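This is what each chain is made of:
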Amino acid sequence: MAKYKIAVLPGDGVGKEVIEAAMIVLKRSGFDAEYTYGDIGWEFWKNEGEALPERTLDLIRNSDATLFGAITSKPKDEAQKELSAELQGKGFVYFSPIVRLRQALDLYVNMRPAKAYKGNPLNYRDDIDLVIFRENTEGMYAGVEFYPIPEDLKEYLLKNHKKMGKFKDIPARDIAISTRIMTKKGCKRIIRAAFEFAKKNNRRNVTIVEKPNVLRETGALMVGTAREIAKEYPEIPYYETNIDAMAMWLIKNPQDYDVLIAENLFGDIISDEAAQLIGGLGFACAGNIGDNIAVFEPTHGSAPKYAGLYKVNPIATILAAKMMVEWLGEKEIGEKIGKAITENIAAEKVKTYDMKGNNTTLEVADDIAKRL
Ligand code: GGG
């Protein structure tokens with residue numbers, strides 16, 4: 001019997017291709033696993049009215065870890081039109097499967113490393129090595145939104161919040177509200193995870209990225225909680241930065257930062273910015289991690305225009321596979337994969353179009369696998 005049970009969710013578009021590539025590397029790496037493929041993505045929405053079927057959630061729950069490719073996601077109205085004729089009008093509503101997956105399985109950490117691999121001509125600098133801990137279940141992506149807003153909500157806000165006064169003459173039907181819901185528990189666990197990671201891995205510093213001078217309540221909760229927890233790790237230098245300043249510092253001196261903690265939306269934005277500093281989305285991976293369940297993925301989407309062309313860079317997904325084996329405790333195998341990736345990049349021979357190469361997704365994977 002294999003040591004690990006791994007769920008594999010290729011998803012849509014190039015998701016299928018990058019997963020095929022990562023599997024070449026995983027199977028050659030000595031990682032002892034049995035793989036079960038699961039359903040997620042657009043075809044399941046169209047045919048079943050559910051892009052993330054319950055059977056897939058069960059597969060993830062019953063596996064040691066999951067490797068996920070990419071999904072196509074469309075706005076609600078567009079999604080509705082593409083639902084198969086027999087499911088139309090039956091009350092099916094489209095939800096982003098990736099957001100639902102994170103929330104349904106309570107995968108509260110979204111860990112996004114941005115490490116510059118030596119010799120990558122796409123690096124902004126060669127000395128960038130930071131890890132973003134993005135809160136993954138609440139904040140601006142909690143999903144509590146209104147448009148139009150209910151009359152009684154408008155009334156309540158007019159009565160209870162003086163800042164609402166300026167909207168009093170605008171009809172409720174013309175007002176949209178998105179909430180940024182943050183809880184003490186949610187703040188505590190993402191901050192704790194970041195400090196524990198920093199401690200275990202001898203990282204240089206931890207920075208909380210927020211905006212408490214404007215987002216006075218939610219921002220204060222996050223920063224206040226970070227200050228409390230930071231006191232338990234006096235050996236780790238702790239900093240606070242506003243999100244807008246962080247966007248600038250990441251360009252000015254990214255090498256000075258190490259572990260960053262951010263709310264869901266802020267973390268989403270700075271992790272794409274950080275990805276660009278180390279070669280773009282072809283090098284950006286993420287671990288969605290809860291207490292016992294974890295799903296690893298490239299951060300890029302399904303890139304429909306490239307689907308079927310075997311053109312996109314598989315390194316982000318191979319890095320996701322590396323993160324997965326390391327999370328499972330297989331440090332040596334992870335290091336071996338990391339070394340093979342470093343060699344492939346430094347050789348500058350077998351590379352995809354984003355690196356000004358002509359090789360296919362699978363040729364890059366083969367080259368990395370041969371170096372293991
Ligand atoms: N591998 C990550 C992925 O597939 N991302 C696509 C995505 O996040 N789409 C936006 C959404 O589903 O809300």
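1. Some details on the domain arrangement of the chain
Here the chain is described as being made up of domain 1 (1-108 + 292-372), domain 2 (124-141 + 182-277) and domain 3 (145-178). Distance between the C-alpha centres of domain 1 and domain 3: 41 Å.

2. With respect to the sheet that holds strand β1 (residues 4-11)
Sheet strands line up and pair through hydrogen bonds in the backbone, either parallel or antiparallel. What the ten strands build is an open sheet, ordered β2-β1-β3-β12-β11-β4-β5-β10-β8-β9; its pairing is mixed. Edge positions in the open sheet fall to β2 (33-37) and β9 (238-242), since each of these has one partner strand only. Strand after strand, the sheet turns through a mean of 20° between neighbouring axes, direction not considered. As judged from the five bridges shared by strand β11 (residues 285-289) and strand β12 (residues 294-298), these two strands associate in the antiparallel manner. Of the residues in β12, the one forming a bridge with isoleucine 289 is alanine 294.

3. Observations concerning the site of the ligand
Residues in close proximity to the ligand include Phe68, Gly69, Ala70, Ile71, Ser73, Ser96, Ile98, Glu297, Pro298, Thr299, His300 and Gly301, which together make up its full environment. Within the backbone of glycine 69, a nitrogen or oxygen atom sits 2.9 Å from a nitrogen atom of the ligand. In this structure, proline 298 approaches the ligand through a main-chain N or O atom, which is 2.7 Å from a nitrogen atom. Starting from 360 Å² of accessible surface for the ligand in isolation, the protein chains cover 74%. Elements represented by at least two residues in the shell around the ligand include exactly β3 (65-70) and β12. Here the shell around the ligand takes three residues from β3, the largest share from any one element. Of the residues in the shell around the ligand, the class split is five nonpolar, six polar and one charged.

4. Digging into the pairing of β12
For β12, a buried count of five out of five residues is recorded, marking the element as mostly surrounded by other parts of the structure. Here β12 shows two buried faces, one formed by Ala294, Phe296 and Pro298 and the other by Val295 and Glu297. Here β11 hands over to β12 after four residues, the two strands then running antiparallel side by side.

Rules used in this analysis
- Residues numbered from 1 in each chain as written.
- Predicted model: local features only at pLDDT ≥ 70, side-chain atom pairs only at ≥ 80, totals over all residues.
- Heavy atoms only, no water.
- Domains from an automatic or database assignment.
- Pairing = 2+ DSSP bridges.
- Helix = DSSP H or I, 4+ residues; strand = E, 2+ residues; numbered from the N terminus.
- Axes fitted to C-alpha atoms, helices over the stretch in contact; angles between N-to-C directions.
- Near = heavy atom within 4 Å.
- Polar contact = N/O pair within 3.5 Å; in protein donor to acceptor, adjacent residues only side chain to side chain.
- Areas by Shrake-Rupley, 256 points an atom, 1.4 Å probe, with all protein chains shown as cover.
- Nonpolar A, V, L, I, M, F, W, Y, C, P; charged D, E, K, R; others polar.
- Buried < 20%, exposed > 50% of the residue type's maximum accessible area, 1.4 Å probe, protein only.

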